Amino acid sequence: MSRMLRLRCKAKNGTHLMQGLTLVSSVQELKDKIEELTGIPCEVQKILVGFPPSSLDLRNGDVPLQEFPIKSGDTLIVEEEKDKSNTQSAVSNSSAKHSILETLPLLNRHVVPADNSCLFTSIHYVVEGGIHEPNCAPEMRNLIAQIVARNSDAYSEAVLGKSNWEYCNWIQQNDTWGGAIEISILSKFYQCEICVVDTQTVRVDRFGEDEGYTKRVLLIYDGIHYDPLQRHFADPESPPQTIFSTSDDVVLAQALELADEARQKRQFTDLNRFTLRCMVCQRGLVGQVEARDHAKETGHTNFGEV
C-alpha cells in the first residue's frame, strides 16, 4: 500500500488538512478533495507548490500524483482563475448575513503574544474566524514570501526596500516585524479589507478599500503591537465574530471608539518621541529600539508617553 500524503492546501477561506491521498492517487482525486475543502470548482483551480511557487499542469485527471513534485508535508496554494470566476454573488450573499446592528455587543481586543509575529498571528486569527493557531506565523511568513517571489515585477526593490530575494529570506525570519507591505499582500490574498485602527492618531487605515471586497477584518495597533478585534456574544456557545461586511460603518465607528479610549489612557507608543514608560512594570524607556527590546524581553506591550 502506498504511504499516505500529509498535505495542506491554503486558499482564500483558510488552510485545510488534506486526508486520504497517496502518491498513486490521481490528479482528479486531488482536485475533488480541494473542491470539497475550499469550494473552488475543479475546472477553475490553479494549484501552486514549492518555493518559489510554481503552477502545476494538472489538466490530465488520470495521472498519479507521484508524477508531480509533490511530497508529504507540502502546502499547496490554491487560487481561482479570475477569468472563470462566478463566485462573487455567493460571497456577497454570505457577507450580507454578517450585517451588524448597533444593538450588538461592542468590539473588544483579543490579545496575542508580543513575539515579533503579532501582525501575522492577528491576521490569521481574524481571517480564520477567531480560530487560534499558536504556530501559524511561520506559515503566514512563508505564504508572503511565496507571493512576493512569484510577482517580482510588482514587488521590486523600489517597493520592498531590498531585492525581491533578500526580502523573501528576510520576511521568513521569526524576529522580523510585519507592516503595511505585508498587510497589503495578505489583504489581496484573502480578498478582504483589512482595517488597522491606530490608538495614537485614532484613525483607520483601510487596506483593500478600493478593491470591491465584501468582507472586512479589523486590527488595533499601538505603535509597536497589533491585536485582532472581535465581538463576543452572550451565548457562550457562540464563536467570536471577526469577519464583518464592508458595507457596515457601525463596526468602524466602534473600532474608533475603542482606539480613542486607549488613547485617552495613553496606551500607545509615539515613535516620533523618545521618552516612554511601560504601563505594566513602569520601567522608563527611550525610543523605539528600547521599547521593542523591552517588549521582546518581557512580553509587555502596553506603553505610554512620559
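Thresholds applied
Residues numbered from 1 in each chain as written. Predicted model: local features only at pLDDT ≥ 70, side-chain atom pairs only at ≥ 80, totals over all residues. Heavy atoms only, no water. Helix = DSSP H or I, 4+ residues; strand = E, 2+ residues; numbered from the N terminus. Buried < 20%, exposed > 50% of the residue type's maximum accessible area, 1.4 Å probe, protein only. Contact = heavy atoms within 4.5 Å. Axes fitted to C-alpha atoms, helices over the stretch in contact; angles between N-to-C directions. Parallel < 35°, antiparallel > 145°, perpendicular 65-115°, else oblique. Nonpolar A, V, L, I, M, F, W, Y, C, P; charged D, E, K, R; others polar. Phe/Tyr/Trp six-rings, centres within 6.5 Å; stacked < 30°, edge-to-face > 60°. Lys NZ or Arg CZ within 6 Å of the ring centre and 35° of its normal. 1 Å grid on protein atoms, 1.4 Å probe; cavity = no way out; pocket = protein on both sides within 12 Å on 5 of 7 lines; lining within 4 Å. Points joined across faces, edges and corners; volume = space filled by probe spheres on them. Domains from an automatic or database assignment.

**Quick look at the overall build of the chain**
Reasoning step 1: A count of helices and strands for the chain gives nine helices and 14 strands.
Reasoning step 2: Split into buried and exposed, the 306 residues of the chain put 45% on the buried side.
Reasoning step 3: In the chain, 64% of the contacts between residues at least 6 apart in sequence involve partners at least 24 apart.

**Considerations on the packing of helix α4 (residues 137-149) against helix α7 (residues 180-190)**
Geometrically, a packed helix pair is captured by the angle between its two axes and the distance between the axes.
Reasoning step 1: The interhelical angle for the contact between α4 and α7, taken along N-to-C directions, is 85°, at an axis separation of 10 Å. One way to sum up the angle between α4 and α7 is to call them roughly perpendicular. Two secondary-structure elements touch here, α4 through Met140, Leu143, Ile144, Ile147 and Val148 and α7 through Glu182, Ile185, Leu186, Phe189 and Tyr190.
Reasoning step 2: The residue inventory of the contact of α4 with α7, partitioned by class, reads nine nonpolar, no polar and one charged.

**Focus on the packing of helix α3 (residues 118-127) against α4**
Reasoning step 1: One can describe the packing of α3 onto α4 by two numbers: an axis separation of 9 Å at closest approach and a directional angle of 95°. If you check the angle between α3 and α4, you find them roughly perpendicular. Contacts between α3 and α4 involve Phe120, Thr121, Ile123 and His124 from the former and Ala137, Met140, Arg141 and Ile144 from the latter.
Reasoning step 2: Its residues assigned to classes, the contact of α3 with α4 shows five nonpolar, two polar and one charged.

**Thoughts on the environment of Ile70**
Reasoning step 1: Looking at where Ile70 falls in the secondary structure, it is placed in the loop between β4 (54-55) and β5 (75-80).
Reasoning step 2: Owing to a relative accessible area of 5%, Ile70 belongs among the buried residues under this scheme.
Reasoning step 3: Each C-alpha atom of the pair Ile70 and Leu5 lies 9.0 Å from the other, and the pair is 65 residues apart in sequence.
Reasoning step 4: Once residues within four sequence positions are removed from consideration, Ile70 is found in contact with Leu7, Leu23, Leu30 and Leu56.

**Structural notes on the packing of aromatic side chains**
Reasoning step 1: Tallied over the entire structure, the rule returns three aromatic pairs.
Reasoning step 2: A ring pair is formed by Tyr167 and Trp170, whose centres lie 5.7 Å apart and whose planes are at 40°; its orientation type is tilted. Of the two residues, Tyr167 and Trp170 both sit in helix α6 (residues 164-171), three residues apart, roughly one turn of that helix.
Reasoning step 3: Seen from the ring of Trp170, Lys162 lies directly overhead, with NZ or CZ sitting 4.4 Å from the centre.

**Observations regarding empty space enclosed by the protein**
Reasoning step 1: Counted by the stated rule, this structure contains one cavity of 30 Å³ or more.
Reasoning step 2: In terms of lining residues, the largest cavity is bounded by 10 residues, among which Ala114, Asn116, Trp177, Ile224 and His225 are the most central.
Reasoning step 3: Considering only residue class, the lining of the largest cavity consists of five nonpolar, three polar and two charged.
Reasoning step 4: Residues lining the lining of the largest cavity come from more than one domain, with at least three contributed by each of domain 2 (107-265) and domain 3 (275-305).

These figures come from the coordinates and say nothing about function on their own.
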